[in-house]
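These are the residues of each chain, in order.
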Amino acid sequence: MGNCFSDVKGGQQAVGGGAQLVVGGAGGDGSAAAGTGHNDAVDYFFRAKGEVALFTPIELSLSASKLCDRDYISKSDPMAVVYMKRRDGKLEELGRTEVIMNNLDPTWIQKIHVTYQFEIVQTLVFRVYDVDTEYHMIPVKMLKLENQDFLGEASCVVSEIVTKRDWSLTLNLRSRDGHSSRNLGTLTVRAEETVASRNAVEITFRCSDIDPFLRISRAVETGGSIPICKTEVVNNNLNPTWKPLCLTMQQFVSKETPLVIECFDFNSSGNHLLIGKSQKSVAELENLYQSRAGAKITAPSSGFRHHEKVLRSELFVERFVEKQLYSFLDYISSGFELSFMVAVDFTASNGNPRSHDSLHYIDPLGRLNAYQQAIMEVGEVIQFYDSDRRFPAWGFGGRAHNGSVSHCFNLNGSLAEVEGVEGIMAAYTSALHNVTLAGPTLFGQVVNKAADIAGHSLSCHQAKYYILLIITDGVVSDLQETINSVVRASDLPLSILIVGVGGADFKSMEVLDADNGRRLESSTGRIATRDIVQFVPMREVHGGQISVVQALLEELPSQFLSYVRSRDMKPLNVL
């Protein structure tokens, strides 16, 4: 599901998460934190193979109370990490909350998605960390947990939560040795069933005579409220207009459900001051927009005041739009096609193909080299989504018989396309006998070639989306040129999946995969329209840290949806 916040901590986004337009809904955009989460592209892949179990997607909301204070000057900056215990006893990370600054009683907004299976005992492990100040600007999914202070852990079985009347369970945090102590505080887990709905509203708020940020929560029948999103902070403006917030029906449940809109004065210490609040349903917010009226904001009551004080400030709805958020599968099942292109690294950094330690060595006994493994494992997934199973297959960084180095040549000689994974394997093996490994490693021409194909398809109004798969040993020579090409391609129906083989340092690849929340910027200052690159190191797949299916499809649905929604494209069967 999409979220109303960024996972970037630090500065004024550290109010528990800065604002971000929701892109989820209708079965989800497939995006998830490191680890897992319900992804309808992955689900569709397994269901088509008959490997589906009955399940109920749920999301967990977390809060804690009376946490330990590990900081000397200020309070702890807590973050929670959730794991599922596998059958072999190992822990699989499901996701992480945002970091909340200087707070021993945090209520996190980031939800953790879990697929509840009735017939399986699913043990959850929750660990809470104090994130050190020096890591405040690093996205949470990139934080190394061993560098953070451990505050406590708790565990339970999913069924313990969902069998509670209010689907809420409070657990005592314990130390690493399993000793339970109230001195470490408590963790409360609240579960809700994920409701698939395409309905959403996009709301732009404005405020008068106040300089806050807004936090929106949904009131629940059992009492209290669950935070669902918040705005960014607008500096030095007593009449701020915030960026649009998009609320899915899963978040607000119905137009009549009360929403609590709280106004906070931002404080860089994390001790944000609650200025006032207003309670309105989505229906009432729509009426405010239509009437152009403002909603009164009341100050929080205190022990000295029995009546709520109405502030001079008012909350206005500048824009209110109802929309339908279609899912990845809505588009694919309606006839949108995914078309794949493959490019293989033929640079000398891979080692002499005749040498046993070369990444390109062809074993006469049939054992696959690193590239063949990647082609086979990746190919099983990508050909499933390609309707005609015909792939443009290229190489780059190789020297042909005429002595020239090409940075985008056909693996199959005169033929640009090959058929199926078998065709890629055959063309790859043939090219190793006809092309000499050279260099340097330049991605730019391959990206531009893929962009040309995607651009031509767009000009012909074809319902196609392209995925360029680049398999490389990770030594990039033209990083800025590649960034320029990616930025130019970010307007096109194209995603780029880079699979790293071997043990090289892949930091340059991580720059292209804009998972730090910052979009790529070209040498001319142009910012990428959207994130279109995903990087997957095969050594992590082979190390069992992530499944190849999950790794390859983790970001594809969200990248696809960001494209079609930016152009207001609907599924082909929707008039």
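Just so it is clear, the model here is predicted, and its values are computed rather than measured.

**Examining the environment of D491**
So, step 1. Checked against the element boundaries, D491 lands in the loop between helix 9 (479–489) and strand 25 (494–500).
So, step 2. Once the C-alpha coordinates of D491 and Y563 are considered, the two residues, 72 residues apart in sequence, prove to be 7.7 Å apart.
So, step 3. Of the polar contacts made by the side chain of D491, one reaches the side chain of R526; its length is 2.5 Å.

**Notes on the sheet that holds strand 20 (residues 405–406)**
So, step 1. Read from one edge to the other, the open sheet built from three strands follows the order 20-19-23, with strand pairing classed as antiparallel. The sheet terminates laterally at strand 20 and strand 23 (436–437), the two strands that pair on one side only.
So, step 2. Looking at chain direction, strand 19 (residues 398–399) and strand 23 are connected through two bridges and run antiparallel. Bridge pairing in strand 23 places R399 opposite T436.

**Let's talk about the side chain of R127**
So, step 1. Note on placement: R127 falls in strand 5 (residues 123–130).
So, step 2. Engagement of the side chain of R127 in a polar contact is seen with the side chain of E153, the distance being 2.8 Å.
So, step 3. Excluding residues within four positions of it along the chain, R127 makes contact with M79, A80, V81, Y83, L91, F150, G152 and E153.

**Considering helix 4 (residues 282–291)**
So, step 1. By the burial criterion, the buried members of helix 4 are V282, A283, L285, E286 and L288.
So, step 2. Those residues of helix 4 that are buried are in contact with strand 9 (199–207), helix 3 (249–252), strand 13 (258–265), strand 14 (273–281), strand 15 (295–298) and strand 16 (310–324).
So, step 3. Where helix 4 terminates, the next one or two residues include R292, which has phi positive at roughly 60°.

**Let's talk about unusual backbone geometry**
So, step 1. Here the bond from G439 into P440 is cis, since omega is 0°, no more than 30 degrees from zero.
So, step 2. Counting through the fold element by element, P440 comes out in the loop between strand 23 and helix 8 (444–459).
So, step 3. Within the chain, W167 stands out as a residue other than glycine whose phi angle is a positive 55°.
So, step 4. On the basis of relative accessibility, which here comes to 25%, the residue W167 falls in the partly exposed class.
So, step 5. Positive phi is not limited to glycine here, since D568 has a value of about 55°.
So, step 6. Mapping D568 onto the fold places it in the segment after helix 13 (556–566).

**Some thoughts on the pairing of strand 16**
So, step 1. Two strands pair when backbone bridges link them, and strand 9 and strand 16 are joined in this way by nine bridges, in the antiparallel orientation. Bridged to V201 within strand 16 is E322.

**Brief notes about the nonpolar core**
Considering soluble globular proteins, one finds that nonpolar side chains tend to be buried as a cluster.
So, step 1. F328, L338, F346, L411, L469 and F560 are the most contacted members of the largest nonpolar core, which totals 50 residues.
So, step 2. Apart from the residues lying within four places of it in its own chain, the contact partners of L411 are V344, F346, A393, W394, G395, A427, Y428 and A431.
So, step 3. Judged by nonpolar contacts, the second largest core, of 32 residues, contains L60, L104, W108 and V158.

**Description of the pattern of salt bridges**
Pairing is possible between side chains of opposite charge, provided their charged atoms come close.
So, step 1. With the rule as written, the count across this model stands at 19 salt bridges.
So, step 2. Here E314 and K296 are joined by a salt bridge, their closest N and O atoms 3.4 Å apart. Residue E314 is located in strand 16, and its partner K296 is located in strand 15; the two are separated by 18 residues in the primary sequence.
So, step 3. Here D491 ties to R526 by a salt bridge, and the two come within 2.5 Å at their closest N and O atoms. Here R526 lies in the loop between helix 10 (507–512) and strand 26 (533–537) and D491 lies in the loop between helix 9 and strand 25, a separation of 35 residues in the sequence.
So, step 4. The exposure class of D491 is partly exposed, given its relative accessible area of 30%.
So, step 5. Through salt bridges with shared partners, a single ionic network connects R127, E153 and R174.

**Regarding the packing of aromatic side chains**
So, step 1. By the definition in use, this model includes 14 aromatic pairs.
So, step 2. When the ring of Y326 is compared with that of Y331, the centres are 6.4 Å apart and the planes differ by 85°; the resulting orientation is edge-to-face.
So, step 3. When its relative accessible area of 12% is taken as the criterion, Y326 is described as buried.
So, step 4. Y331 sits in the buried class, given a relative accessible area of 2%.
So, step 5. Relative to F443, the ring of F396 has its centre 5.4 Å away and its plane inclined at 85°; by these criteria the two rings are edge-to-face. Highlighted residues: F396 in strand 18 (residues 390–396) and F443 in the loop between strand 23 and helix 8, separated in sequence by 47 residues. Grouping residues by exposure puts F396 and F443 together as buried.
So, step 6. Here the aromatic cluster, defined as three or more aromatic residues joined through ring pairs, consists of Y326, F328, Y331, F336, Y465, F560 and Y563.

**Quick word on the sheet that holds strand 5**
So, step 1. The strand order across the open sheet built from four strands is 3-2-5-6, with neighbouring strands paired in antiparallel fashion. Both edges of this open sheet fall to strand 3 (91–96) and strand 6 (149–157), since each of them pairs with a single strand only. Averaged over all neighbouring strand pairs, the angle between strand axes comes to 25°, with direction disregarded.

Parameters and conventions
Residues numbered from 1 in each chain as written. Predicted model: local features only at pLDDT ≥ 70, side-chain atom pairs only at ≥ 80, totals over all residues. Heavy atoms only, no water. Helix = DSSP H or I, 4+ residues; strand = E, 2+ residues; numbered from the N terminus. Polar contact = N/O pair within 3.5 Å; in protein donor to acceptor, adjacent residues only side chain to side chain. Pairing = 2+ DSSP bridges. Contact = heavy atoms within 4.5 Å. Buried < 20%, exposed > 50% of the residue type's maximum accessible area, 1.4 Å probe, protein only. Core = buried A, V, L, I, M, F, W, Y, C linked by side-chain atoms within 4.5 Å. Salt bridge = Lys/Arg side-chain N within 4 Å of Asp/Glu carboxyl O. Phe/Tyr/Trp six-rings, centres within 6.5 Å; stacked < 30°, edge-to-face > 60°. Axes fitted to C-alpha atoms, helices over the stretch in contact; angles between N-to-C directions.

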